[in-house]
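Close look at the chain arrangement
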Amino acid sequence: KAANPDIILAFVSGSAAGMMARDAGQVGLPTDVPILCDYSSMFNKSSIDIAGPQIAYGWAYNWFPLPNEDYEAARIARNLVDKYNRDWDPGYINGLSGALVFDYAAEKALEEVGYDGLNGAAIKAQLDKMHNVDLGLGTLMSFADYEGDREGPTSIRVLKWDEAKGEPVVVSDWFPLFTFKEFYGLG
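First, a word on scope: everything that follows refers to the structure included in this document. Quick caveat: nothing in here was measured; it's all calculated off a predicted structure. (Residues numbered from 1 in each chain as written. Predicted model: local features only at pLDDT ≥ 70, side-chain atom pairs only at ≥ 80, totals over all residues. Heavy atoms only, no water.)

Some points on the environment of Asn4
Which entries qualify depends on this criterion: Strands here mean DSSP runs of E at least two residues long; helices mean DSSP runs of H or I at least four residues long; both are numbered from the N terminus. Residue exposure (1.4 Å probe, protein chains only): buried if accessible area is under 20% of the type maximum, exposed if over 50%, otherwise partly exposed.
Within the element layout of this structure, Asn4 appears in the segment before β1 (8–9). The class for Asn4 is exposed, based on a relative accessible area of 61%. The spatial distance from the C-alpha of Asn4 to the C-alpha of Leu29 is 8.6 Å, given a sequence separation of 25 residues.

Shown next as structure tokens:
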């Protein structure tokens, strides 16, 4: 509080973001100082419960569809959440999109080598052929031009807690991420 920050960038996991939001309110940090961290850290059920009304300090960046958005991955994840009576968790989409990429590679490998030839090497060969994969299914996954470099998310957006709605809402457009090489001036 004494540092008079404009924003607090929090690289935490689990429910620590909820504790930070709760503590910000307890020490009287101005409410216009957002605590920005990963969506799954700030807006998971535990963080929301721990923070209580101070979740209003919570801002987050994310790279995947929200439950109410009309993306294929969100529809598939909603169906799985409903089928297994689970709470929504962004990890479902992240895991699902990765599984779909693997499933696609396995399907292509099966077409190429047949059932008897299907093995890990055949699937890896198909994964190695993929470039700029964007299935529109959750996490934006792309593969760069050189061997072994998987970029992961290529763009993000920002959300904040909407007290009236009792949920996070999108407050920015998608914007591109810089790569680690760009960040460290390596390329």
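Regarding the pattern of salt bridges
Put simply, the test is: Definition used for salt bridges: Asp or Glu carboxyl oxygen within 4 Å of a side-chain nitrogen of Lys or Arg.
Applying the stated criterion to the full structure yields 4 salt bridges. A salt bridge links Arg22 to Asp23, with the nearest nitrogen and oxygen atoms 3.0 Å apart. Residue class for Arg22 comes out partly exposed when judged on its relative accessible area of 27%. Its salt-bridge partner being Glu111, residue Lys108 comes within 3.6 Å of it at the nearest N-O pair. Taken together, the residues span about one helical turn, with Lys108 and Glu111 both in helix α5 (residues 90–117) at a distance of 3 residues. Assessed through its relative accessible area of 54%, Glu111 is described here as exposed.

Details of the nonpolar core
Here is the rule we go by: Only buried residues count toward a nonpolar core. Its members are Ala, Val, Leu, Ile, Met, Phe, Trp, Tyr and Cys residues joined through side-chain atoms within 4.5 Å. By definition, residues are in contact when any of their heavy atoms lie within 4.5 Å.
Core analysis: the biggest nonpolar cluster contains 21 residues, and Ile35, Tyr39, Met42, Phe43, Ile55 and Tyr57 have the highest contact counts within it. Those elements that provide at least two residues to this core are α1 (16–26), β2 (35–38), α2 (39–42) and β4 (155–162). When neighbours within four sequence positions are excluded, Ile55 is seen to be in contact with Ala21, Met42, Phe43, Ser47, Ile48 and Trp161. In terms of nonpolar packing, the next biggest core, distinct from the first, is built from 8 residues, Ala105, Ile123, Leu127 and Met130 among them.

Structural notes on the environment of Ser47
We apply this condition: Whenever two N or O atoms come within 3.5 Å, that pair is a polar contact, provided that in protein one can donate a hydrogen and the other can accept it, and provided that, for residues adjacent in sequence, both atoms are side-chain atoms.
Residue placement: Ser47 occurs in helix α3 (residues 45–51). Assessed through its relative accessible area of 0%, Ser47 is described here as buried. Here the alpha-carbon distance between Ser47 and Gly18, two residues 29 residues apart in the chain, equals 3.8 Å. The residues touching Ser47, leaving out its near neighbours within four places in the chain, are Gly14, Ser15, Ala17, Gly18, Ser41, Met42 and Ile55. Among the polar contacts made by the side chain of Ser47, one reaches the main-chain amide nitrogen of Gly18 at a distance of 3.2 Å.

Quick word on the side chain of Asp38
Convention followed: Under the counting rule used here, the positive set is Lys and Arg, the negative set is Asp and Glu, and His together with the chain ends is not counted.
Along the polypeptide, Asp38 turns up in strand β2. In this structure, Asp38 is buried with no salt-bridge partner, the nearest side chain bearing the opposite charge being Arg157 at 12 Å. Leave out the neighbours within four places in its chain, and Asp38 touches Ala60, Tyr61 and Trp63.

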